[in-house]
Amino acid sequence: MAIKRKLGIVGAGNIGGILLLEIAARKLARTIGIVDIKPPAVAAGKALDVAEGTPIINADVNFVASRDFSALEGCECVINTAGVPRAMRPDGTFPSREELLATNLQIADAVADGINMYCPDACLVNIANPLDAIVYRLHQKLKKPKHRISGMAGVLDTARYRLFIAQEAGVSVENVEAMVLGGHGDTMVPIRSCTRIAGMPVEQFISSKRLDEIEDRVRKAGGEVVSLLGTGSAFVSPCWATLEMMEAQVHDKKKILPVATLLEGEYGVHGLFIGVPAIMGRGGIEKVIEVKMTPAEKELFKASVEAVRQTAREVDRMGAEMDKAKKAARKPAAKKPAAKAAAAKKQPAPGKKK
Ligand code: APR
């Protein structure tokens, strides 16, 4: 059975914690490195907890944990969950994924620095939100070949769509084949023309009016969980979705999955991370598949790409400011005019005796 030598997780919060135990239970790696800045040593605490259970589940896994990025040393692949999740505000509303952008961009830069320092050759799967924007920024900083960096969104959005369809049709979730593409936000596009129940068109089971309602629920499904939890966002299903991508790589499955990948001309899009179906195997994203969509789906997909483009522009603007600030912080501080004058006063004027 294929197994990675070392997998890394950034963030030992809700998603990172579940990833840790699932990677160990599924024996996907011989060593797991986990990083979290949270004191006193949350990553080490979570790793020790899982480690102490491994004899019970017969998993020979080593754990390395740290508050800096050193636990990622030598990782073959890293999953990034570091970021602030959506949480309910006191007035009952909650921020959009985009509102998380400012905070999570700063965190993304720290993650990129850590990866560049300790495992520059690792492949990367990003989960942190806003998904499309963070993976775009990580790519700018890491400069990895496009097949080695991706974002998890489509697998989760598709799982939600499949569940709601199965519930509505009264059939097994295993019977539902579907695909949700585009950005990981309110503009995501469930591709109804590709949706099948045991090979039959979904509309044979569910009316198109009801499918409209289901698709609307899919677009808002992340928010539905946030408003129920009150303290954070979904964490079990995003973890399982990410591991579907990771298992496809570890076991070289050549599995077609909807993933956020850098498009360079496919679907007529250049330079953006967009959710599209791709073959995943040992090489990471091995091939992007172009789906035939109906004219209406094409329009929705185009609108979703535009929404991602807007966020990417925002990332470019904010990222440039962050880079400038970092550069300025690295320069030795110039003396203030007042300080200079005071220093000049202290110095005896040339030629004058004290
Ligand atoms: N380095 C390392 N860890 C960090 C850093 C950093 N620079 N910044 C934040 N973290 C850690 C936090 O300390 C926290 O433990 O990331 C963890 C995030 O965990 P949670 O707050 O529990 O969030 P989670 O539910 O796991 O979601 C993480 O995934 O789905 C997205 O929107 C979600 O962006 C969010 C991310």
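Residues numbered from 1 in each chain as written. Predicted model: local features only at pLDDT ≥ 70, side-chain atom pairs only at ≥ 80, totals over all residues. Heavy atoms only, no water.

K.L.:
I'm lost on the side chain of arginine 137 in this one. Help?
P.N.:
Note on placement: arginine 137 falls in helix α4 (residues 131-142). Arginine 137 gets classed as buried once you look at its relative accessible area, which sits at 3%. Within polar-contact distance, the side chain of arginine 137 engages the side chain of aspartate 323 at 2.8 Å. Discounting chain neighbours no more than four positions away, the residues touching arginine 137 are Leu105, Asp109, Val315, Gly319, Met322 and Asp323. (Helix = DSSP H or I, 4+ residues; strand = E, 2+ residues; numbered from the N terminus. Buried < 20%, exposed > 50% of the residue type's maximum accessible area, 1.4 Å probe, protein only. Polar contact = N/O pair within 3.5 Å; in protein donor to acceptor, adjacent residues only side chain to side chain. Contact = heavy atoms within 4.5 Å.)

K.L.:
Explain the domain arrangement of the protein chain to me, please; I cannot follow it from the model alone.
P.N.:
Accessible area lost during the coming together of the parts is what is often quoted as the interface size. Partitioning the protein chain into domains gives domain 1 (4-151) and domain 2 (154-310). Distance from the C-alpha centre of domain 1 to the C-alpha centre of domain 2: 22 Å. For the pair domain 1 and domain 2, the two sides together bury roughly 3,200 Å², of which 66% comes from carbon and sulfur. For the pair domain 1 and domain 2, the number of links is three salt bridges. Of the charged contacts, one joins glutamate 264 and lysine 146 as a salt bridge, the two residues approaching to 3.7 Å between their closest N and O atoms. At the boundary of domain 1 and domain 2, one finds seven residue pairs in polar contact (both at pLDDT 80 or more). Those elements that provide at least two residues to the side of domain 1 that touches domain 2 are β1 (4-10), α1 (14-25), β4 (77-80), β5 (123-126), α4 and β6 (149-151). Examining the composition of the side of domain 1 that touches domain 2, we find that six residues originate from one element, α1, more than from any other. Broken down by class, the residue content of the side of domain 1 that touches domain 2 amounts to 19 nonpolar, six polar and seven charged. (Domains from an automatic or database assignment. Buried area = accessible area lost by both parts, 1.4 Å probe. Salt bridge = Lys/Arg side-chain N within 4 Å of Asp/Glu carboxyl O. Nonpolar A, V, L, I, M, F, W, Y, C, P; charged D, E, K, R; others polar.)

K.L.:
Can you help me understand the site of the ligand in this one?
P.N.:
The local shell around the ligand holds 19 residues, among which Asn14, Ile15, Asp36, Thr81 and Asn129 are the closest. Between the ligand and the protein, one listed contact pairs an oxygen atom with a backbone N or O atom of asparagine 14 at 2.8 Å. Measuring from an oxygen atom of the ligand, one finds a side-chain N or O atom of aspartate 36 at 2.6 Å. About the coverage of the ligand: the protein hides 90% of its 730 Å² of free accessible area. Looking at the shell around the ligand, the elements with two or more residues in it are α1 and α3 (101-118). Residues of the shell around the ligand, tallied by class, amount to nine nonpolar, eight polar and two charged. (Near = heavy atom within 4 Å. Areas by Shrake-Rupley, 256 points an atom, 1.4 Å probe, with all protein chains shown as cover.)

K.L.:
Help me out: how do you make sense of the pattern of salt bridges in this one?
P.N.:
Note on pairing: side chains with opposite charge can pair once their charged atoms come close. Counted by the stated rule, this structure contains 25 salt bridges. For aspartate 323, the salt bridge is made with lysine 141, and the minimal N-O distance between the two is 3.0 Å. Here aspartate 323, found in helix α9 (residues 295-330), pairs with lysine 141, found in helix α4; they are 182 residues apart in sequence, far enough to count as distant. Residue class for aspartate 323 comes out partly exposed when judged on its relative accessible area of 29%. For lysine 141, a relative accessible area of 23% puts it in the partly exposed group. One salt bridge connects glutamate 266 with lysine 146, and the closest N-O pair in it is separated by 2.9 Å. Here the residue glutamate 266 occupies a position in the loop between β12 (255-264) and β13 (270-281), and lysine 146 occupies one in the loop between α4 and β6, the gap between them amounting to 120 residues.

K.L.:
Honestly, the sheet that holds strand β7 (residues 176-177) in this entry has me stumped. Any pointers?
P.N.:
Hydrogen bonds between backbone groups are what pair the strands of a sheet, and the pairing can be parallel or antiparallel. Read across the open sheet, the three strands follow the order β7-β10-β11; overall the sheet is antiparallel. Strand pairing shows two members of the sheet lacking a second neighbour, β7 and β11 (200-201), which therefore form its edges. Pairing between β7 and strand β10 (residues 196-197): two bridges, direction antiparallel. Within the sheet, the bridge partner assigned to glutamate 177 lies in β10 and is arginine 196. (Pairing = 2+ DSSP bridges.)

K.L.:
Is there a simple way to think about the environment of glutamate 247 in this case?
P.N.:
Within the secondary structure, glutamate 247 is located in helix α8 (residues 236-250). We classify glutamate 247 as buried; its relative accessible area is 18%. In sequence terms glutamate 247 and isoleucine 165 are 82 residues apart; their C-alpha atoms lie 25 Å from each other. The residues touching glutamate 247, leaving out its near neighbours within four places in the chain, are Arg26, Leu28, Asp252 and Lys253. Here the side chain of glutamate 247 touches arginine 26 through a polar contact of 3.5 Å, side chain to side chain.

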